[in-house]
Amino acid sequence: MLGDDAELTAAVLAAQAGDETAFRTVYRAVHPRLLGYVRTLVGDPDAEDVASESWLQIARDLERFTGDADRFRGWAARIARNRALDHIRMRGRRPAIGGDETELTGKAAESDTAVEAIESLSTGSTLSLIAQLPQDQAEAVVLRVVMGLDAKTAAETLGKRPGAVRTAAHRGLKRLAELLGADAESVGGLGALPPPREPRSRAVTSAGVTHTRARTQKDM
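The paragraphs below set out a description of the structure included in this document. In this text, all values refer to a predicted model and were calculated from it rather than measured experimentally.

Considering only enclosed or pocket space, the second largest pocket measures out at about 200 Å³ in volume. Around the second largest pocket sit 13 residues that line it, and Arg39, Thr40, Leu41, Gly43 and Ala131 are the ones nearest its centre. Of all the elements in the fold, those that place two or more residues in the lining of the second largest pocket are helix H2 (20-42), helix H6 (123-130) and helix H7 (135-146). Considering every element that reaches the lining of the second largest pocket, the biggest residue donor is H2, with four residues. When its residues are assigned to classes, the lining of the second largest pocket shows eight nonpolar, three polar and two charged.

Shown next as structure tokens:
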């Protein structure tokens, strides 16, 4: 297991034991990309509220979670997706679904050219372009590239086949490369997209820490 993943796994375990500092470590590691995923589903104005609701559920159900860092990211993304879809239903709007999933049966890898292109963008600019993709492609790209999930975990989050997710991500990255080619000047001088794994943080333990109150986003 990679160092950052090992630390996130340790932080999740400590948070489950009631360590508030560990929970804040988990939040800081996962929230930025989780928020980006929510933005692709509900748009920017409502994303913060939906993400906050997601973290409240994550905190409430954390004791029932089992697995490592990668499974935690997938679990958190699945909760966020369900909250986002609930939000869409309450607002009387439906997500724009692009394409028929039955067409996504190939086992295609992401385009190297597209990956290089997306890495030339800042996170905000990347999400703005991703928002122009069909919904299935946008979700696949965010889960695979931004959240850093493997195809199997991303497929579990979306309720689809891994091959369908791989193909949707491939098509989405290819389209992003085309969008970048059509607007090359807009990417000049922008920073690189952060890697899926967060920077190393100090180790956390649950020793000597008592969980005495409910977590809120203000604490994170």
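On to the packing of aromatic side chains, then. Under the counting rule described, the total for this entry stands at five aromatic pairs. With centroids separated by 5.1 Å and ring planes inclined at 35 degrees, the aromatic side chains of Phe65 and Trp75 adopt a geometry described as tilted. Of this pair, Phe65 sits in the loop between helix H3 (44-61) and helix H4 (69-90) while Trp75 sits in helix H4, and the two are 10 residues apart along the sequence. Residue Phe65 is classed as buried on the basis of its relative accessible area of 7%. Here the aromatic cluster, defined as three or more aromatic residues joined through ring pairs, consists of Phe23, Tyr27 and Trp55.

In this section: the pattern of salt bridges. Considering all chains together, one arrives at nine salt bridges under this definition. Linking Arg73 and Asp70 is a salt bridge whose minimum nitrogen-to-oxygen distance equals 3.8 Å. Here Asp70 and Arg73 lie together in helix H4, a separation of three residues that amounts to about one turn. Residues Arg73 and Asp70 agree in their burial class; the two are buried. Among the charged side chains, a salt-bridge network with shared partners connects Asp5, Asp70 and Arg73.

Moving on, we get to helix H8 (residues 151-158). Buried residues dominate H8, accounting for six of its eight residues. Buried residues of H8: Ala151, Thr153, Ala154, Ala155, Thr157 and Leu158, and no others. Remark: Gly159 follows H8 within two positions and exhibits a positive phi of approximately 70 degrees.

A few words on the environment of Ala138. Along the chain, Ala138 turns up in helix H7. Along the chain, Ala138 and Leu127 lie 11 residues apart, while their C-alpha atoms are 9.0 Å from each other. Ignoring anything within four residues of it in the chain, the contact list for Ala138 reads Ile130 and Leu133.

Residues Leu34 and Phe72 are the most contacted members of the largest nonpolar core, which totals 58 residues. Within the residue set of this core, elements represented by two or more residues are helix H1 (3-16), H2, H3, H4, H6, H7, H8 and helix H9 (162-182). No other element matches the 12 residues that H2 contributes to this core. Setting aside anything within four residues of it in sequence, one finds Leu34 in contact with Trp55, Ile58, Ala76, Ala77, Ala80 and Met147.

Below, the discussion takes up the packing of H2 against H3. Relative to each other, H2 and H3 sit at 135 degrees, their axes nearing to 9 Å. The angle between the axes of H2 and H3 places the two elements in the oblique class. The hand of the H2/H3 crossing is right-handed. In this structure, H2 uses Phe23, Val26, Tyr27, Val30, His31, Leu34, Leu35, Val38, Arg39 and Val42 to contact H3, whose residues at the interface are Asp44, Asp46, Ala47, Glu48, Val50, Ala51, Trp55, Ile58 and Ala59. Partitioned by chemical class, the residues of the contact of H2 with H3 number 14 nonpolar, one polar and four charged.

Procedures and definitions
- Residues numbered from 1 in each chain as written.
- Predicted model: local features only at pLDDT ≥ 70, side-chain atom pairs only at ≥ 80, totals over all residues.
- Heavy atoms only, no water.
- 1 Å grid on protein atoms, 1.4 Å probe; cavity = no way out; pocket = protein on both sides within 12 Å on 5 of 7 lines; lining within 4 Å.
- Points joined across faces, edges and corners; volume = space filled by probe spheres on them.
- Helix = DSSP H or I, 4+ residues; strand = E, 2+ residues; numbered from the N terminus.
- Nonpolar A, V, L, I, M, F, W, Y, C, P; charged D, E, K, R; others polar.
- Phe/Tyr/Trp six-rings, centres within 6.5 Å; stacked < 30°, edge-to-face > 60°.
- Buried < 20%, exposed > 50% of the residue type's maximum accessible area, 1.4 Å probe, protein only.
- Salt bridge = Lys/Arg side-chain N within 4 Å of Asp/Glu carboxyl O.
- Contact = heavy atoms within 4.5 Å.
- Core = buried A, V, L, I, M, F, W, Y, C linked by side-chain atoms within 4.5 Å.
- Axes fitted to C-alpha atoms, helices over the stretch in contact; angles between N-to-C directions.
- Parallel < 35°, antiparallel > 145°, perpendicular 65-115°, else oblique.
- Left-handed = near helix turned anticlockwise from the far one by under 90°.

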